[in-house]
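Chain residues, written in single-letter form:
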Amino acid sequence: MKLTSRARFSTVCLHAGQDPDPSTGAIITPIYQTSTYVQDELGKHKGYEYARTQNPTRMALERNLAAIEGGKAGFAFASGMAAIGAIATLLKSGDHVVVSDNTYGGTFRLFDKVLTRYQLCFTYVDTSRLDEVERAITPATRMLFVETPTNPVMRLTDLRAAADLAHRRSVRLVVDNTFASPYIQRPIEFGADLVTHSTTKYLNGHSDSVGGIVVATRDDDIEWLKFVQNAEGAILGPFDSWLVLRGTKTLALRMQQHNANGLALAQFLSTHPKVKHVYYPWLPAHPQYELAQRQMRGFGGMLAFELGSLEAARRLLNSVRLHALAESLGGVETLISHPATMTHASVPPETRARIGITDGLVRISAGIEDIDDLKEDLARALDAV
Ligand SMILES: Cc1ncc(COP(=O)(O)O)c(C=O)c1O
């Protein structure tokens, strides 16, 4: 498939990295479910030797996602956490990392419980406050690891300002772009050096695969990540690679619907008498509305709202029918969850309180159902609160 350098986002999503299969012309990249490749003669092969190192389905997905994020190369891993683990191998003992304080719990667990055993050190700050980031940077700092928006209170970090600050201090900017998806926000355009995703979420989009990706821009990082992907071996398998490739073909369409449904639910909830507060930066009253407009294209399907007490949250969560009570996000089906007892149960209560994760907070990952059905379901459940 020949894409021009001007190809627009949805065209890139559909076609980048994929050519019709050379042996049959199949328009969809096949699932190359093989562990090895037969060589023509000693020392002569077709570019594929062993499937941990090279797999055509995985490599098509890696090219596809690198193009979608506007990077130079992509590396697909068995999960979002394996991708973040691979990024951490760019560090050496004694190095320091500044991290968004409200980062995903699994990322915190990897940094705090595993990597600190290897003389790496981490400082957690509110990265929406660049003065705090600047104060946290030391001569040993090698990385600024940012999640924007954060989960579940949707706090934003100014990506261009963060990249400028990081680069002034010779620090790499790494952005976990899972919550936004590249349709909504492309961190490399603002100066990020590395972008990572749990492909489990919006990129795959169908709640049927676990995976991760790292998209890199610097040649030294690309060389190292390629080496580490093979050396550690936490690769994404061919079937999951194929599922995510299928997912990215509809990324633009799905995200338009997630944007519309997320906004409509946020508007509906913000006028409901039983809802005390709505976290959704695409609402003009949100304090970071202007930043959201500047660096995002819609706010997608993630929103959270405050009902005031655990009992109120429990009544709502036990009354919804169409909203599925489940962890995870970014799929076509709408999910609803209770951060304090589900995704953020392992976060100490005082940290939860500081971030705003109260017992009355409810999170929704708006899917792509008909908005009237979602609103009816919520309205009925709110009657029970
Ligand atoms: C923002 C973010 N990053 C990374 C991960 C980890 O991804 P995975 O579950 O695919 O390992 C998650 C999972 O929920 C996440 O929400």
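Heads up: the structure comes first, above all this text.
Keep in mind it's a predicted model, so treat the numbers as computed, not measured.

Thresholds applied
- Residues numbered from 1 in each chain as written.
- Predicted model: local features only at pLDDT ≥ 70, side-chain atom pairs only at ≥ 80, totals over all residues.
- Heavy atoms only, no water.
- Helix = DSSP H or I, 4+ residues; strand = E, 2+ residues; numbered from the N terminus.
- Buried < 20%, exposed > 50% of the residue type's maximum accessible area, 1.4 Å probe, protein only.
- Areas by Shrake-Rupley, 256 points an atom, 1.4 Å probe, with all protein chains shown as cover.
- Lys, Arg positive; Asp, Glu negative; His and termini not counted.
- Charge placed at Lys NZ, Arg CZ, Asp CG, Glu CD.
- Core = buried A, V, L, I, M, F, W, Y, C linked by side-chain atoms within 4.5 Å.
- Contact = heavy atoms within 4.5 Å.
- Pairing = 2+ DSSP bridges.
- Axes fitted to C-alpha atoms, helices over the stretch in contact; angles between N-to-C directions.
- Near = heavy atom within 4 Å.
- Polar contact = N/O pair within 3.5 Å; in protein donor to acceptor, adjacent residues only side chain to side chain.
- 1 Å grid on protein atoms, 1.4 Å probe; cavity = no way out; pocket = protein on both sides within 12 Å on 5 of 7 lines; lining within 4 Å.
- Sits in = over half its atoms within 2 Å of the grid points.
- Nonpolar A, V, L, I, M, F, W, Y, C, P; charged D, E, K, R; others polar.

Novice: Before we go on, may I ask you to explain the overall build of the chain in this structure?
Specialist: Counting secondary structure elements, the chain contains 13 helices and twelve strands. Its C-alpha atoms put the chain at 75 × 50 × 35 Å along the principal axes. Across the 385 residues in the chain, those meeting the buried criterion constitute 54%. Here the chain has roughly 16,700 Å² of accessible surface; of this, 54% comes from carbon and sulfur atoms. On the chain, the mean spot of the 40 positive side-chain charges and the mean spot of the 41 negative ones are 1 Å from each other.

Novice: I keep staring at the nonpolar core and nothing clicks. Help me out?
Specialist: Taken as a class, soluble globular proteins show a tendency for nonpolar side chains to be buried jointly. Leu144, Leu173, Phe305 and Leu316 are the most contacted members of the largest nonpolar core, which has 84 residues in total. Counting residues per element, this core draws most heavily on helix α9 (residues 251-270), which supplies seven residues. When neighbours within four sequence positions are excluded, Leu316 is seen to be in contact with Phe305, Leu307, Ile336, Val362, Leu378, Ala381, Leu382 and Val385. In terms of nonpolar packing, the next biggest core, distinct from the first, is built from 26 residues, Phe75, Leu90, Leu91 and Leu194 among them.

Novice: For this particular structure, what's the right way to read the sheet that holds strand β6 (residues 194-198)?
Specialist: Working definition: the strands of a sheet are paired by backbone hydrogen bonds and lie parallel or antiparallel to each other. Pairing within the open sheet is mixed, and its seven strands lie in the order β1-β7-β6-β5-β4-β2-β3. Of all strands in the sheet, those with a lone pairing partner are β1 (73-77) and β3 (121-125), marking the two edges. Averaged over all adjacent pairs, the angle separating strand axes in this sheet is 20°, with direction ignored. With respect to the sheet, helix α4 (residues 105-114) is in contact with β2 (96-100), β3 and β4 (141-147), its orientation differing from that of β3 by roughly 140°. In this fold helix α6 (residues 159-168) packs onto β4 and β5 (172-176), with an angle of close to 150° to the strand it touches most, β5.

Novice: Could you clarify how one ought to interpret the site of the ligand in this entry?
Specialist: Close to the ligand lie Ser79, Gly80, Met81, Tyr104, Glu147, Asp176, Thr178, Ser198, Thr200, Lys201, Val210 and Gly211, which account for all nearby residues. Contact distances for the ligand include 3.0 Å between an oxygen atom and a backbone N or O atom of Met81. Between the ligand and Lys201 there is a distance of 2.8 Å, counted from an oxygen atom to a side-chain nitrogen or oxygen. Isolated, the ligand exposes 390 Å² of accessible area, and the fraction of that covered by the protein chains is 89%. More than half of the atoms of the ligand fall within 2 Å of the grid points belonging to the largest pocket. Split into classes, the residues belonging to the shell around the ligand amount to three nonpolar, six polar and three charged.

Novice: Any chance you could explain unusual backbone geometry here in plain terms?
Specialist: Comment: phi is negative for the bulk of residues other than glycine, and the bulk of peptide bonds are trans. With an omega dihedral of 0°, the bond running from Thr148 to Pro149 counts as a cis peptide bond. With respect to the helices, strands and loops of the structure, Pro149 is situated in the loop between β4 and α6. Residue Pro152 is bonded to the preceding Asn151 through a cis peptide linkage, with omega at 5°. Mapped onto the fold, Pro152 is located in the loop between β4 and α6.

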